[in-house]
Amino acid sequence: MKLTFATVSTGNYAGRGKEYTAKLFAGVRANMPRWVDLRCVCFTDDPSTLPEGVEAIPVLPGISGWWNKLLMFRPGTVKRGERILYSDLDAIVIGDLRDLNCYAGKFAALRDPFDENGMNSALMSWEAGTLDHLWTRWDAAGRPQFDPRGDQNWISQMCGVQPDYWHELLPGQVVSFKKDCWRAGRIPDGARVIFFHGHPRPSECRADYIMKLWNRPLKEAI
């Protein structure tokens, strides 16, 4: 099975872009089943920060921050029919990803942890070529970047399909640090991915159980 795992790293994220990309891809590679034909890509303005074996895809001038996620929907970026799994940089992979990898629906995303009616674009999956209109319509509209809710609001409004939510597809496997870990003082049993939103970012977090994960050597994998 062919899978493209993608992320976006621009502007030296949190002043530690190289560290964040290294830890994310180490976690993915360590926890992806061996039978997956994995292509790792990063949309970036600085290819020199990427780990060995990660393909750099240049971002385009005039697109800032999170809006670069829309480049993933640009026709031809990934071969039509292949599966894309996207994650923000500030996620920590801690367990087997086979269930996320096996998702074959139209579009999966996170439900906003504090707004049951909202979508969060920090972790998404879809089939390349099926959502190209998210880029083409945005491009035709002049690539607007004024919405403070960012790319996820554009994706939610223009997607045209009802997202499948990871929390419902894979209960307990994808968790929010603020909602599911911070309040409980621990990582829930069965968690595979911890996603962060806002502050603290993983490198800023002082919870001991996060610091242990973040500071582990890359060879041990997060």
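Structure's up top.
Residues numbered from 1 in each chain as written. Predicted model: local features only at pLDDT ≥ 70, side-chain atom pairs only at ≥ 80, totals over all residues. Heavy atoms only, no water.

Caption draft 1: Seen up close, the overall build of the protein chain. When helices and strands are counted, the protein chain shows seven helices and 10 strands. Against the globule reference of 17 Å for 222 residues, the protein chain gives a C-alpha radius of gyration of 16 Å, in line with a compact fold. Reported as C-alpha extents along the three principal axes, the dimensions of the protein chain are approximately 45 × 40 × 35 Å. With 222 residues in all, the protein chain has 55% of them scored as buried. Here the protein chain displays about 10,300 Å² of accessible surface, and carbon together with sulfur accounts for 49% of that area. The average position of the 28 basic charges and that of the 26 acidic charges among the side chains of the protein chain differ by 2 Å. (Helix = DSSP H or I, 4+ residues; strand = E, 2+ residues; numbered from the N terminus. Rg over C-alpha atoms; globule rule 2.2 N^0.38 Å. Buried < 20%, exposed > 50% of the residue type's maximum accessible area, 1.4 Å probe, protein only. Areas by Shrake-Rupley, 256 points an atom, 1.4 Å probe, with all protein chains shown as cover. Lys, Arg positive; Asp, Glu negative; His and termini not counted. Charge placed at Lys NZ, Arg CZ, Asp CG, Glu CD.)

Caption draft 2: Representation of the sheet that holds strand S6 (residues 107–111). The seven strands are arranged S3-S2-S1-S4-S7-S6-S8 in an open sheet whose pairing can be described as mixed. Of all strands in the sheet, those bounded by a partner on one side alone are strand S3 (55–58) and strand S8 (164–165). Here S6 runs beside S8; their pairing, made up of two bridges, is parallel. Residue pairing in the sheet places Ala109 in a bridge with Tyr165 of S8. Lying over the sheet, helix H4 (residues 151–158) contacts S6 and strand S7 (119–127), oriented at roughly 55° with respect to S7. (Pairing = 2+ DSSP bridges. Contact = heavy atoms within 4.5 Å. Axes fitted to C-alpha atoms, helices over the stretch in contact; angles between N-to-C directions.)

Caption draft 3: The sheet that holds strand S5 (residues 91–93), seen in detail. Pairing is mixed across the open sheet formed by three strands, whose spatial order is S5-S10-S9. A single partner strand is all that each edge strand has here, and the edge strands are S5 and strand S9 (174–176). Each strand of the sheet is rotated relative to its neighbour by a mean of 20°, with strand direction disregarded. For S5 and strand S10 (residues 193–195), the ladder comprises three bridges, and the chain directions are antiparallel. Residue Ile92 lies in a different strand from S10, and its bridge partner there is Ile194.

Caption draft 4: The arrangement of the side chain of Thr44 in detail. Take Thr44: it is sitting in strand S2 (residues 37–44). From its side chain, Thr44 meets the backbone nitrogen of Asp46 in a polar contact 3.0 Å long. Discounting residues that sit within four places of it in the chain, Thr44 has contacts with Ser9, Thr10, Thr49, Leu50, Ala56, Ile57, Pro58 and Val59. (Polar contact = N/O pair within 3.5 Å; in protein donor to acceptor, adjacent residues only side chain to side chain.)

Caption draft 5: Highlighting the pairing of strand S4 (residues 83–87). Judged by how many residues are buried, S4 sits mostly within the fold: five of five residues are covered. On S4, burial covers both faces: Arg83, Leu85 and Ser87 on one face and Ile84 and Tyr86 on the other are all buried. Both strand S1 (residues 2–9) and S4 contribute to a ladder of four bridges, which runs parallel. Looking at the pairing, Ala6 lines up with Tyr86 of S4. Bridging between S4 and S7 involves five bridges; their strand directions are antiparallel. In the sheet register, Leu85 faces S7, and the bridge partner there is Ser125.

Caption draft 6: Representation of the packing of aromatic side chains. Inspection of the entire model under this criterion finds nine aromatic pairs. Taking the centre distance of 5.8 Å and the plane angle of 85° together, the rings of Phe5 and Phe25 count as edge-to-face. Taken together, the positions of Phe5 in strand S1 and Phe25 in helix H1 (residues 17–31) put the pair 20 residues apart, joining distant regions of the chain. Each member of the pair, Phe5 together with Phe25, is buried. With centroids separated by 5.0 Å and ring planes inclined at 15°, the aromatic side chains of Phe177 and Phe196 adopt a geometry described as stacked. In this pair, Phe177 is assigned in helix H6 (residues 177–182) and Phe196 in the loop between S10 and helix H7 (208–214), connecting sequence segments 19 residues apart. Among the aromatic residues, ring-to-ring pairing joins Tyr13, Tyr20 and Trp214 into one connected group. Lying across the ring of Trp214, Lys23 places its NZ or CZ 5.0 Å from the centre. Arg201 extends its terminal NZ or CZ atom over the ring of Tyr13, reaching a point 4.9 Å from the ring centre. (Phe/Tyr/Trp six-rings, centres within 6.5 Å; stacked < 30°, edge-to-face > 60°. Lys NZ or Arg CZ within 6 Å of the ring centre and 35° of its normal.)

Caption draft 7: Region of interest: the pattern of salt bridges. Counted according to the given criterion, the structure contains 11 salt bridges. Asp139 is paired through a salt bridge with Arg143; the nearest N and O atoms lie 2.8 Å apart. The partly exposed category is assigned to Asp139, whose relative accessible area is 33%. Linking Arg149 and Asp147 is a salt bridge whose minimum nitrogen-to-oxygen distance equals 3.3 Å. Residue Arg149 is classed as exposed on the basis of its relative accessible area of 52%. Taken together, the shared-partner salt bridges in this structure form one network comprising Lys69, Asp88 and Asp151. (Salt bridge = Lys/Arg side-chain N within 4 Å of Asp/Glu carboxyl O.)

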